[in-house]
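Listed below are the residues making up each chain.
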Amino acid sequence: MSDLSPEQVRAIINTHFRTIAGREQLYDKIAEERHTAIPKRAVDAAFRKAFGLTPFQYLQLRRLQEAQHLLSTTQWSVAEVARAVGLRGRRALHRFFKRYLGVTPGEFRSRLGQ
């Protein structure tokens with residue numbers, strides 16, 4: 001990963017997180033930006049050393065942050081928020097929130113009003 005820094009990988013994720021469907025597509029996007037195949041383990045190791053998590057973990061964190069922002073600042077439905085952050089739909093966002101925050105998107109949104 002000598003010609004692609006962890007900061008550049010983070011920038012790729014920040015730019016494309018809405019359209020990257022999964023782990024393989026993430027590495028495909030990084031390779032596309034680099035114009036060559038990439039050693040995934042080297043990318044993971046360098047990214048983890050720089051940021052404390054893998055590129056895929058960062059992708060998930062970025063989606064979560066954006067979903068929280070959209071639920072906080074828009075009246076979009078949960079399905080619309082899910083699609084806006086690169087998830088398949090309402091059920092995917094529901095599972096995502098339960099896994100990472102322990103609440104549903106609806107519960108998250110209602111707690112904002114307290």
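Throughout this document, residue positions are counted from 1 along each chain, in the order its sequence is written. pLDDT decides what is reported in this predicted model: residues at 70 or higher carry local features, side-chain atom pairs at 80 or more are listed and counted, and totals for whole chains, interfaces and linings draw on all residues regardless. The side-chain quantities take in all heavy atoms of the structure and omit both hydrogens and water.

Draft legend 1. Focus on the pattern of salt bridges. One side-chain nitrogen of Lys or Arg within 4 Å of one carboxyl oxygen of Asp or Glu is enough to make a salt bridge. Applying the stated rule across the entire model yields 4 salt bridges. Because the salt bridges share partners, they merge into one network encompassing R18, R62 and E66.

Draft legend 2. Representation of the packing of helix α3 (residues 40-51) against helix α4 (residues 55-73) in the model. Closest axis-to-axis distance for the α3/α4 pair is 8 Å, and the angle between their directions is 60°. Classified by the interaxial angle, the pair formed by α3 and α4 is oblique. Between α3 and α4, the residues in contact are V43, D44, F47 and R48 and P55, Q57 and Y58, respectively. When residues are grouped by polarity, Ala, Val, Leu, Ile, Met, Phe, Trp, Tyr, Cys and Pro land in nonpolar, Asp, Glu, Lys and Arg in charged, and all others, Gly among them, in polar. Residues belonging to the contact of α3 with α4 are distributed by class as follows: 4 nonpolar, 1 polar and 2 charged. Throughout, an axis means a line fitted to C-alpha atoms (over the contacting stretch in the case of helices), and angles, computed between N-to-C directions, take values from 0 to 180 degrees. The numbering of helices and of strands both runs from the N terminus, where a helix is a DSSP run of H or I of at least 4 residues and a strand a run of E of at least 2. Put simply, angles under 35 degrees are roughly parallel, angles over 145 are roughly antiparallel, angles from 65 to 115 are roughly perpendicular, and the rest are oblique. We call two residues in contact when some of their heavy atoms are within 4.5 Å.

Draft legend 3. Focus on the packing of helix α2 (residues 23-34) against α3. Interaxial distance between α2 and α3 falls to 11 Å at its minimum, and their mutual angle equals 90°. The angle between α2 and α3 places the two elements in the roughly perpendicular class. In contact with E24, Y27 and I30 of α2, α3 contributes K40, V43 and D44. Taken together, the residues of the contact of α2 with α3 break down into 3 nonpolar, no polar and 3 charged.

Draft legend 4. Geometry of the packing of aromatic side chains. Pairing of aromatic side chains requires ring centres within 6.5 Å, counting the rings of Phe and Tyr and the six-membered ring of Trp. Pairs whose planes differ by under 30 degrees are stacked, by over 60 edge-to-face, and all others tilted. In total, this model carries 4 aromatic pairs according to the counting rule given. Plain terms: the ring middles of F47 and F51 are 4.8 Å apart, the flat faces sit at 55° to each other, and that makes the pair tilted. Here F47 and its partner F51 are both found in helix α3, 4 residues apart, which amounts to about one turn of the helix. An aromatic cluster of three or more residues is present, and its members are F47, F51 and Y58. Geometrically, a charge over a ring is one whose NZ (Lys) or CZ (Arg) sits within 6 Å of the ring centre while staying within 35 degrees of the ring normal. Lying across the ring of F56, R23 places its NZ or CZ 4.1 Å from the centre.

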